[in-house]
Amino acid sequence: MKKPIFTGSAAAVATPFTGSGVDFPALRKHLDFLLENGTDALVVCGTTGEAATMSYEERMETVEAVVRHVDGRVPVIAGTGSNNTENAIALSKDAVSAGADGLLVVTPFYNKATQRGLIRHFAAVADSAERPVILYNVPSRTGVKCAAETYAQLAGHPNIQGVKEASGDLALVQKTRELCPEDFYIWSGNDDETAPIMLLGGSGVISVAANVVPQEMHQLTASCLSGDFVSAGKLQLRLRKLCEALFWEVNPIPVKTAMSMMGFCQERFRLPMCEMEEENRARLRTVLAEYGLVS
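The model shown is predicted, which means the values in this text are computed figures rather than measured ones. (Residues numbered from 1 in each chain as written. Predicted model: local features only at pLDDT ≥ 70, side-chain atom pairs only at ≥ 80, totals over all residues. Heavy atoms only, no water.)

Colleague: For this particular structure, what's the right way to read the overall build of the protein?
Modeller: For the protein, the count of helices and strands is 13 helices and 8 strands. Split into buried and exposed, the 295 residues of the protein put 58% on the buried side. For the protein, restricting intrachain contacts to residue pairs at least 6 apart in sequence, the fraction spanning at least 24 positions comes to 71%. As presented, the protein carries roughly 12,100 Å² of accessible surface, and 50% of it is formed by carbon and sulfur atoms. Across the protein, the 27 positively charged side chains and the 34 negatively charged ones have centroids separated by 1 Å. (Helix = DSSP H or I, 4+ residues; strand = E, 2+ residues; numbered from the N terminus. Buried < 20%, exposed > 50% of the residue type's maximum accessible area, 1.4 Å probe, protein only. Contact = heavy atoms within 4.5 Å. Areas by Shrake-Rupley, 256 points an atom, 1.4 Å probe, with all protein chains shown as cover. Lys, Arg positive; Asp, Glu negative; His and termini not counted. Charge placed at Lys NZ, Arg CZ, Asp CG, Glu CD.)

Written as C-alpha cells, this is what we have:
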C-alpha cells in the first residue's frame, strides 16, 4: 500500500521576486515562517508560485534552494506540469535531480486533452519519475477536467499517489473516493473546501491561505485527521472571509499582496499578472487586520 507523501496542510508557496529574478533571501524568510507555524509540506513552483512566468533555470534553482533550506524537515513537492508531455517529463526529472521529494503535475492546459490523452500523459510522466506524483485537477485554469474513471485507471501506477482536487466538484470527489483504492489520496486544492473534502476521505490541503495563516491551516487539517470535524468546521467557517478575500482577484495576486503587507516580500508580479486593484487592496488590508495579520 502506498503511503502519502504528506497529510495535513501543504503551503502552495508564492515566489518572491526582485526586479531581476527570484528574491531568495525573502523566500528563505517566508519558508522559516511556514515551518515555524506547523506547515506539513511545501509545494514550490506551482500556480501560486507563478511558475508559468519563470524560466526553466529559475524553476530548478528555486526547487534546489527550497530543498537545501528545508533540509528534510518537511517534504518539498515541485510543480512540474506542462501542456507538452516531453517538457513535463524533463521538468520532473530535473526537479528530482534538484532534490524534490515529490511532483505536482497539472492537467495539460490549452490542448484540452481527452480522458484517454490525460491517462497517457500522466502515465508517461509518472513512468519517468522516481518520486511520488500528485495529479492536479484545476479545470478553471486549464480548460480540461479529469473524470473519476480516469483517476481509477491511474490509481494503480506505483508512482501516482493521488490528486490535488481543485475542480470545486464535491460529487467528483465522492465518486473518486468510491472508484479508487484507499491508497489513492485526495488533497483539497481549494482552501474553502478543506473540511468538506477531508470529511469525504481527503488527506489534507495544498493551500494558498497557508502562506499567511499556516498555523490555522495546519490546525484545520489536524482536527480533520483526528476526526474532530466539529472543531474543524468551526475553524473553516472562521477562515471563510480570509479565504474568500484571497481570491477576489486571480491567484496569486491577493495572497502575494497580503504577504507584502505582512513584510515577507516585495509586491512584484510578472506580466500578465499585475498589481491588485486599489479598491480590492484596501478591502484586503481590512480583512487582514480583522485576522490580526497586519496592524
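Colleague: Teacher, can you tell me more about the pairing of strand E7 (residues 185-188) here?
Modeller: For a regular strand, side-chain orientation follows a simple rule: the groups alternate between the two sheet faces. Alternating residues of E7 divide into Tyr185 and Trp187 and Ile186 and Ser188, and every residue in both groups is buried. With 4 bridges joining them, strand E6 (residues 160-165) and E7 adopt parallel strand pairing. Residue pairing for E7: Glu165 is matched across the bridge by Ser188. Where the polypeptide runs from E6 across helix H7 (residues 170-179) and back to E7, its parallel neighbour, the crossover connection is right-handed. Where E7 meets strand E8 (residues 204-207), 2 bridges bridge the pair, whose relative direction is parallel. Within the sheet, the bridge partner assigned to Trp187 lies in E8 and is Gly204. Each parallel crossover has a hand, and the one from E7 via helix H8 (residues 194-199) to E8 is right-handed. (Pairing = 2+ DSSP bridges. Right-handed = clockwise from strand over helix to strand, strands pointing away.)

Colleague: Would you mind showing me how to read the pattern of salt bridges here?
Modeller: Working definition: two side chains of opposite charge can pair if their charged atoms are close together. This model, assessed by the stated rule, comprises 9 salt bridges. Across the salt bridge formed by Glu58 and Arg270, the nearest N and O atoms sit 2.7 Å from each other. One end of the pair, Glu58, is in helix H2 (residues 56-70); the other, Arg270, is in the loop between helix H12 (253-261) and helix H13 (278-290), and 212 residues separate them in sequence. Just as Glu58 is buried, Arg270 falls in that class too. Between Lys145 and Asp169 there is a salt bridge; the shortest N-O distance is 2.7 Å. One end of the pair, Lys145, is in the loop between helix H5 (139-142) and helix H6 (148-154); the other, Asp169, is in the loop between E6 and H7, with 24 residues separating them in the sequence. The partly exposed category is assigned to Asp169, whose relative accessible area is 23%. (Salt bridge = Lys/Arg side-chain N within 4 Å of Asp/Glu carboxyl O.)

Colleague: Teacher, can you tell me more about the sheet that holds E7 here?
Modeller: The sheet built from 8 strands closes into a barrel, its strands ordered E1-E2-E3-E4-E5-E6-E7-E8 with parallel pairing. Within the sheet, the average angular offset between the axes of one strand and its neighbour, ignoring direction, is 25°. Bridging between strand E4 (residues 102-106) and strand E5 (residues 133-137) involves 4 bridges; their strand directions are parallel. Paired with Leu103 across the strands is Val133, a residue of E5. (Axes fitted to C-alpha atoms, helices over the stretch in contact; angles between N-to-C directions.)

Colleague: Mind showing me how you'd approach the side chain of Ser9 here?
Modeller: Structurally, the position occupied by Ser9 is in strand E1 (residues 8-12). The class for Ser9 is buried, based on a relative accessible area of 0%. Contacts of Ser9, omitting those with residues within four sequence positions, involve Thr39, Asp40, Ala41, Val205, Ser207, Ala210, Met217, His218 and Thr221.

Colleague: Explanation requested: the environment of Pro252 in the structure shown.
Modeller: For Pro252, the location among the structural elements is in the loop between helix H11 (240-245) and H12. Residue Pro252 is classed as buried on the basis of its relative accessible area of 0%. In sequence terms Pro252 and Ala78 are 174 residues apart; their C-alpha atoms lie 17 Å from each other. Here Pro252 is in contact with Thr47, Thr48, Glu50, Phe269 and Met273, once residues within four sequence places are set aside.

Colleague: Sorry, what's going on with unusual backbone geometry here?
Modeller: Leaving glycine out, the prevailing phi sign among residues is negative, and the prevailing peptide bond configuration is trans. With an omega of 10°, the peptide bond between Asn251 and Pro252 qualifies as cis. In this structure, Pro272 follows Leu271 across a cis peptide bond, with omega equal to 15°. Unusually for a residue other than glycine, Glu50 sits at a positive phi of about 55°. Tracing the sequence through the fold places Glu50 in the loop between strand E2 (41-44) and H2. Its identity as a non-glycine residue notwithstanding, Tyr110 has a phi of 70°, on the positive side. Within the fold, Tyr110 resides in the loop between E4 and helix H4 (115-128).

Colleague: Any chance you could explain helix H3 (residues 85-97) here in plain terms?
Modeller: Residues lying three or four places apart along an α-helix face the same way, a consequence of the helix completing one turn every 3.6 residues. With 13 residues, H3 extends 18 Å from end C-alpha to end C-alpha; this agrees with the ideal 18 Å at 1.5 Å per step. Considering only its buried residues, H3 is in contact with H2, strand E3 (76-79), E4 and H4. Capping of H3 at its N-terminal end is provided by Asn84; its side-chain oxygen lies 3.0 Å from the backbone amide nitrogen of Glu86. (Expected span 1.5 Å × (residues − 1). Polar contact = N/O pair within 3.5 Å; in protein donor to acceptor, adjacent residues only side chain to side chain.)

Colleague: Even after reading the chapter, I still don't get the environment of Glu58, so can you show me in this structure?
Modeller: Glu58 gets classed as buried once you look at its relative accessible area, which sits at 13%. Along the backbone, Glu58 and Gly8 are 50 residues apart, and their C-alpha atoms lie at a distance of 28 Å. Non-local contacts of Glu58, meaning those with residues more than four positions away in its chain, are made with Gly21, Val22, Thr53 and Arg270.

Functional significance is not addressed by these values, which are geometric in nature.
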